[in-house]
There are 2 protein chains.
Amino acid sequence: MDLRDTGESEEALLRRCSDVIKYSVKTGHPRFFNQLYAGMEPYSTVGSFITEAIKTSLYTYEVAPVFTLVEQAVLKKMIEVIGWEDGDGTFNPGGSMSNMYALNLARYRHSPDIKENGLFGVKRQVIFTSQDAHYSLSKGAAFLGIGTKNICTVPTDERGRMVPSALEELILKAISESAEPIMVNATAGTTVIGAFDPIDQIADVCEKYGLWLHVDACWGGAVLLSERHKHLVKGIDRTCFCTHQLLSTAFLVSIFLKMYKLAPVSAQHLLQRCHSARASYLFQQDKFYDVSFDCGDKSIQCSRKPDAFKIWLLWKALGTSQLEQRVDRALAMAQSVTPEYANVCFWYIPPSLRSLPDGPELWEKIHKVAPVIKERMMKKGNMMLGYQMYQDKANFFRMVIINPDVGTDDLHFVLEETHRLGKDL
Amino acid sequence: MDLRDTGESEEALLRRCSDVIKYSVKTGHPRFFNQLYAGMEPYSTVGSFITEAIKTSLYTYEVAPVFTLVEQAVLKKMIEVIGWEDGDGTFNPGGSMSNMYALNLARYRHSPDIKENGLFGVKRQVIFTSQDAHYSLSKGAAFLGIGTKNICTVPTDERGRMVPSALEELILKAISESAEPIMVNATAGTTVIGAFDPIDQIADVCEKYGLWLHVDACWGGAVLLSERHKHLVKGIDRTCFCTHQLLSTAFLVSIFLKMYKLAPVSAQHLLQRCHSARASYLFQQDKFYDVSFDCGDKSIQCSRKPDAFKIWLLWKALGTSQLEQRVDRALAMAQSVTPEYANVCFWYIPPSLRSLPDGPELWEKIHKVAPVIKERMMKKGNMMLGYQMYQDKANFFRMVIINPDVGTDDLHFVLEETHRLGKDL
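Quick caveat: nothing in here was measured; it's all calculated off a predicted structure. (Residues numbered from 1 in each chain as written. Chains lettered and ligands numbered in written order. Predicted model: local features only at pLDDT ≥ 70, side-chain atom pairs only at ≥ 80, totals over all residues. Heavy atoms only, no water.)

J.: Any chance you could explain the overall build of chain A here in plain terms?
T.: Along its length, chain A carries 13 helices and 11 strands. For chain A, whose C-alpha radius of gyration is 23 Å, the value lies close to the compact-globule estimate of 22 Å for 425 residues. Taken along the three principal axes of its C-alpha coordinates, chain A extends 70 × 65 × 50 Å. Looking at the 425 residues of chain A, the share that counts as buried comes to 64%. Sequence separation of 24 or more characterises 71% of the internal contacts of chain A that already satisfy a separation of 6 or more. Of the side-chain charges in chain A, 47 are positive and 49 negative, and the distance between the mean point of each set is 3 Å. (Helix = DSSP H or I, 4+ residues; strand = E, 2+ residues; numbered from the N terminus. Rg over C-alpha atoms; globule rule 2.2 N^0.38 Å. Buried < 20%, exposed > 50% of the residue type's maximum accessible area, 1.4 Å probe, protein only. Contact = heavy atoms within 4.5 Å. Lys, Arg positive; Asp, Glu negative; His and termini not counted. Charge placed at Lys NZ, Arg CZ, Asp CG, Glu CD.)

J.: How should the sheet that holds strand β9 (residues 343-346) of chain A be read in this particular structure?
T.: Two strands in a sheet stick together by hydrogen bonds in their backbones, pointing the same way (parallel) or opposite ways (antiparallel). All names here are of chain A. Ordered in space as β1-β10-β11-β9, the 4 strands form an open sheet in which the pairing is mixed. Single-partner strands in this sheet number two, and they are β1 (32-33) and β9. Looking at chain direction, β9 and strand β11 (residues 393-400) are connected through 4 bridges and run antiparallel. Bridge pairing in β11 places Cys345 opposite Arg398. (Pairing = 2+ DSSP bridges.)

J.: Mind showing me how you'd approach the packing of aromatic side chains here?
T.: The relation between two aromatic rings is expressed through the spacing of the ring centres and the mutual angle of the planes. Residues and elements named next belong to chain A. Following the criterion strictly, the structure yields 30 aromatic pairs over all chains and no others. Considering the side-chain rings of Phe346 and Phe397, the 5.7 Å spacing of their centres and the 35° angle between planes classify their relative orientation as tilted. Residue Phe346 is found in strand β9, and its partner Phe397 is found in strand β11; the two are separated by 51 residues along the sequence. The same class applies to Phe346 and to Phe397, which are both buried. Site record: aromatic cluster; members linked through ring pairs are Tyr61, Phe288, Tyr289 and Phe293. The residue whose ring lies beneath Arg420 is Phe413, and the NZ or CZ to ring-centre distance is 5.8 Å. (Phe/Tyr/Trp six-rings, centres within 6.5 Å; stacked < 30°, edge-to-face > 60°. Lys NZ or Arg CZ within 6 Å of the ring centre and 35° of its normal.)

J.: Looking at this structure, how should I read the sheet that holds strand β1 (residues 32-33) of chain B?
T.: Residues and elements named next belong to chain B. Taking strand neighbours across the sheet as the criterion, the 4 strands line up as β1-β10-β11-β9 in an open arrangement whose pairing is mixed. Two strands lie at the open edges of the sheet, namely β1 and β9 (343-346), each paired on one side alone. Note that β1 and strand β10 (residues 384-390) share 2 bridges and pair parallel. Within β10, the residue paired with Phe32 across the bridge is Met384.

J.: It is not clear to me how the packing of helix α7 (residues 164-176) of chain A against helix α8 (residues 199-209) of chain A should be interpreted in this structure. Could you clarify?
T.: Residue and element names in this part refer to chain A. Running from N to C, α7 and α8 point in directions that differ by 25°, and their axes come no closer than 9 Å. One way to sum up the angle between α7 and α8 is to call them roughly parallel. Every pair of crossing elements has a handedness; the one defined by α7 and α8 is right-handed. Each of Pro164, Leu167, Glu168, Ile171, Leu172 and Ile175 in α7 lies in contact with α8, whose residues at this interface are Gln201, Ile202, Val205, Lys208 and Tyr209. Taken together, the residues that form the contact of α7 with α8 break down as 8 nonpolar, 1 polar and 2 charged. (Axes fitted to C-alpha atoms, helices over the stretch in contact; angles between N-to-C directions. Parallel < 35°, antiparallel > 145°, perpendicular 65-115°, else oblique. Left-handed = near helix turned anticlockwise from the far one by under 90°. Nonpolar A, V, L, I, M, F, W, Y, C, P; charged D, E, K, R; others polar.)

J.: Can you help me understand the relation of the copies chain A and chain B in this one?
T.: Two copies of one chain are present, and they are related through a rotation about an axis combined with an axial shift. Superposing chain A onto chain B takes a rotation of 180° combined with a translation of 0.0 Å along the rotation axis, leaving an RMSD of 0.0 Å. As the rotation angle and translation indicate, the two copies are arranged about a two-fold axis. Of every C-alpha in chain A, the one belonging to Leu144 of chain A sits nearest the axis of rotation, 2.0 Å from it. Looking at the interface residues of chain A, 100% of them are also at the interface in chain B, so both copies use one shared face. (Least-squares fit on C-alpha atoms with pLDDT ≥ 70 in both.)

J.: Looking at this structure, how should I read the side chain of Glu52 of chain A?
T.: Looking at where Glu52 of chain A falls in the secondary structure, it is placed in helix α2 (residues 42-54). What makes Glu52 of chain A buried here is its relative accessible area of 9%. Here Lys305 of chain A takes part through its side chain, which lies 2.4 Å from a polar atom of the side chain of Glu52 of chain A. Ignoring any residue separated from it by four or fewer positions in sequence, one finds Glu52 of chain A in contact with Lys305 of chain A together with Ser48, Phe49, Glu52 and Lys310 of chain B. (Polar contact = N/O pair within 3.5 Å; in protein donor to acceptor, adjacent residues only side chain to side chain.)

J.: Can you walk me through the interface of chain A and chain B in this structure?
T.: Put simply, an interface is often sized by how much accessible area is lost when its parts join up. In this assembly, 126 residues from chain A lie in contact with 126 residues from chain B. Between chain A and chain B, a total of about 11000 Å² is buried, with carbon and sulfur atoms accounting for 61% of that surface. When the area that chain A buries against chain B is broken down by residue, the three leading residues are Leu3, Phe120 and Phe143 of chain A, summing to 9%. At the junction of chain A and chain B, the tally comes to 12 salt bridges. The residue Lys149 of chain B makes a salt bridge to Glu116 of chain A at a minimum N-O spacing of 3.5 Å. (Buried area = accessible area lost by both parts, 1.4 Å probe. Salt bridge = Lys/Arg side-chain N within 4 Å of Asp/Glu carboxyl O.)

J.: Is there a simple way to think about the environment of Leu170 of chain A in this case?
T.: Residues and elements named next belong to chain A. For Leu170, the position within the fold is in helix α7. Spatially, the C-alpha atoms of Leu170 and Ile202 are 13 Å apart, while their sequence positions differ by 32 residues. Other than its neighbours up to four places away in sequence, Leu170 contacts Phe128, Cys152, Thr153, Val154 and Pro155.

J.: Hey, could you run me through the pattern of salt bridges in this one?
T.: Enumeration according to the criterion identifies 54 salt bridges over all chains in this entry. The shortest N-O distance in the salt bridge between Arg4 of chain A and Glu8 of chain A comes to 3.8 Å. Salt bridges sharing partners connect three or more residues here, namely Arg4, Glu8 and Arg16 of chain A together with Lys316 of chain B.

J.: Explanation requested: unusual backbone geometry in the structure shown.
T.: Among all residues except glycine, the phi angle is most often negative; among peptide bonds, the trans geometry is most common. Located in the positive-phi region is Gln391 of chain A, a residue other than glycine, with phi close to 50°. Tracing the backbone through its elements, the reader meets Gln391 of chain A in the loop between β10 (384-390) and β11.

J.: I keep staring at helix α1 (residues 10-23) of chain A and nothing clicks. Help me out?
T.: Working note: α-helix, 3.6 residues per turn, so residues spaced by three or four point in the same direction. For α1 of chain A, built from 14 residues, the straight-helix expectation of 20 Å at 1.5 Å per residue is met to within 8% by its first-to-last C-alpha distance of 20 Å. Within α1 of chain A the residues assigned to the buried category are Ala12, Leu13, Cys17 and Val20 of chain A. Projected onto a plane normal to the axis of α1 of chain A, the buried residues spread over an arc of 140° and lie on a single side. Exposed residues lying more than 90 degrees from the buried face of α1 of chain A are Glu11, Leu14 and Lys22 of chain A. On its buried side, α1 of chain A packs onto α2 (42-54), α3 (65-82) and α10 (308-335) of chain B. (Expected span 1.5 Å × (residues − 1). Arc of directions from axis to C-beta.)

J.: What should I look at first to understand the packing of helix α4 (residues 95-110) of chain A against helix α6 (residues 136-143) of chain A in this one?
T.: Axes are the key here: two packed helices are described by the angle between their axes and the distance separating the axes. Residue and element names in this part refer to chain A. Where α4 contacts α6, the two axes come as close as 9 Å, and the packing angle between them is 55°. Comparing the axis directions of α4 and α6 gives the class oblique. Crossing of α4 over α6 shows right-handed handedness. Facing α4, whose interface residues are Ser96, Asn99, Met100 and Leu103, α6 presents Ser136, Leu137, Lys139, Gly140, Ala141 and Phe143.

J.: What is the right way to look at the pairing of strand β4 (residues 151-154) of chain B in this model?
T.: The side chains of a regular strand alternate, first on one face of the sheet and then on the other. Residues and elements named next belong to chain B. Two strands pair when backbone bridges link them, and strand β3 (residues 125-130) and β4 are joined in this way by 4 bridges, in the parallel orientation. Looking at β4, one finds that Thr129 is bridged to Thr153. Once you follow β3 into helix α6 (residues 136-143) and on to β4, the crossover reads as right-handed. (Right-handed = clockwise from strand over helix to strand, strands pointing away.)

Laid out in structure tokens, this is it:
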């Protein structure tokens, strides 16, 4: 691995590349169920090769004319899919960044002066999100100077969905403590169990207290493409911001911003006003073209990759109709074994434990099963799924079904193989 | 551009890809001098194709075992190149993000409680940087809740370098106003004119006032590889943080953290402690391998691309010695026409203005020359360089020499073509 003074021959480099590929995890394999990404979309991969080879940055139209228009086309289509009449957006390197954008936009909407003056001397601000929300909300609160303690976690029901009445109580509590509620984050597709917060009811609470609603739809947003499943995000058209990771084209996450009802600051160009620094050496105003095509100041990045092209090419290839079929197929596959979205969560209970009485002692034993099976699975190397705890629940497996190549034989294989790996425990 | 319900044929898609390439700017062409990136490193491009095809995320060792080790190898080598005995680091999507990391680490070093409690009720904090620093410091101050007004800009000398005595005066002024100085950012290679702040003298001031010194070496850090030019960053081994964009493998920027003298908080695992959120569903502590290889919680991202591989493969191919030759060659080329780093800045003065008396009227006319020439240049399409103002100076061209394929004939071409495009003005 070490880097040296002299270079290596082409032959040696080819061997290194081949080793890198050999020892890397095959995330495109149909039995890779370990993360919220899986599969390989050939059109997206070709798209990424083209963007890597062209190597430009999406900040000014002059260096990225085609990719600027491509990003606009994807944003326009996705805003239409969300069901908004108008909107704005940008693509970010990952959902965590997009959730942080949401925090910053909500703060700017509430008190635009903070951009200049900072949070010093400002009343404590509070963000509400469910206890099952993605950890990027906490990371974002720390990074943005809001503080992790000011993320108020709202309880969830037995299916992992935020309880709107509990949200309302917590908002009232924050107000009674002289804190400023800034934003509610609803999750469409939680990380572990794939729950959808009831957006419509949360939007009612937000309207009542004048709070701004962001939906983290990084994981569950794909249902927007499906007539059959989009009821899961009913009410999303009432939200202000929304993050969205499309299908399995991982690491391409966009944030969308609804363009109306954003008082007290006008919604027009909110991303731009919130994030702009107007660098005169990059965003010259005396260029010969319409500089509103220079999208870089909407972002907190300077260089930004034209990732939207991967989605654009895939969408051109499949059309909305085939994208919908894929979502429906993956969810039908998952829902053949579980009622929740694409997260199939299960305990494997070895024969030796099956006759034990229910109680803390049994669950302590079950808790130790998944890590051992996972170790054996990794060393054998024919499938990969993750395990974790959830609230007070013992370690269980989470199998994420997202790759369009997954068949029922793969699901059966996972169950049988888990048994083979763990039956002696 | 519009996305539709039905997909397109392979033939139509190929035509689209070919059009996208045709109408995109050829940033790899030796006459692309427009940005701080240029050229195409075939080894890096191959590296990026491999990472795109493997499609994994650099957060846990279990899904990115090889790339985790690759990143460690690159970090280790670069820490050695900086001249530190020990250190830590991470790769980020761009220098702006890395500068924001520096702000957050400096703040955490100063008051670790802010991570939990936020900035509410905290004494106003101030960051010092030169007036020529990159705009990401301002963007970062806004995003991190510090506020753009609390970026204190230190004057530069006639060559664009921060004036250390002015820095000291501004620190004293901030203290007298009961503000808390948190960090000084020194720039190694400013964006417009390529100036190097005097790091050694700035480090003296920082030591005197107990301030922490970050070096934004995104643009100038390449000199670390050159025996001939590394005097430009003398003192960099005394800094705490450092960002670095290596050569022309654009969009790969790492931040480095020196591991000692970071009182009052211990430097050990500072990135980890500052950014971690300990998501139990991703960073399980009962995995069967050494979980200190899970690097994801050092980052504010969740999914993170294994970008270090592009540098690793290039370095393996060329070795440190050939990388050094490239830096020396690019700088020799640039310095054949300018004394400053790789930024060749010049005014083109059309014949009609050459006999006019010096004064505001002349400079107003010169100011309008570059935008017109740029428009003609873009429409003709045989070279590309940027223009901008700098402080009170009229628009001038900036030609960035970084592509190893640039020859003296290209430099002559630019001068002659500029004359052809602007001689009638």
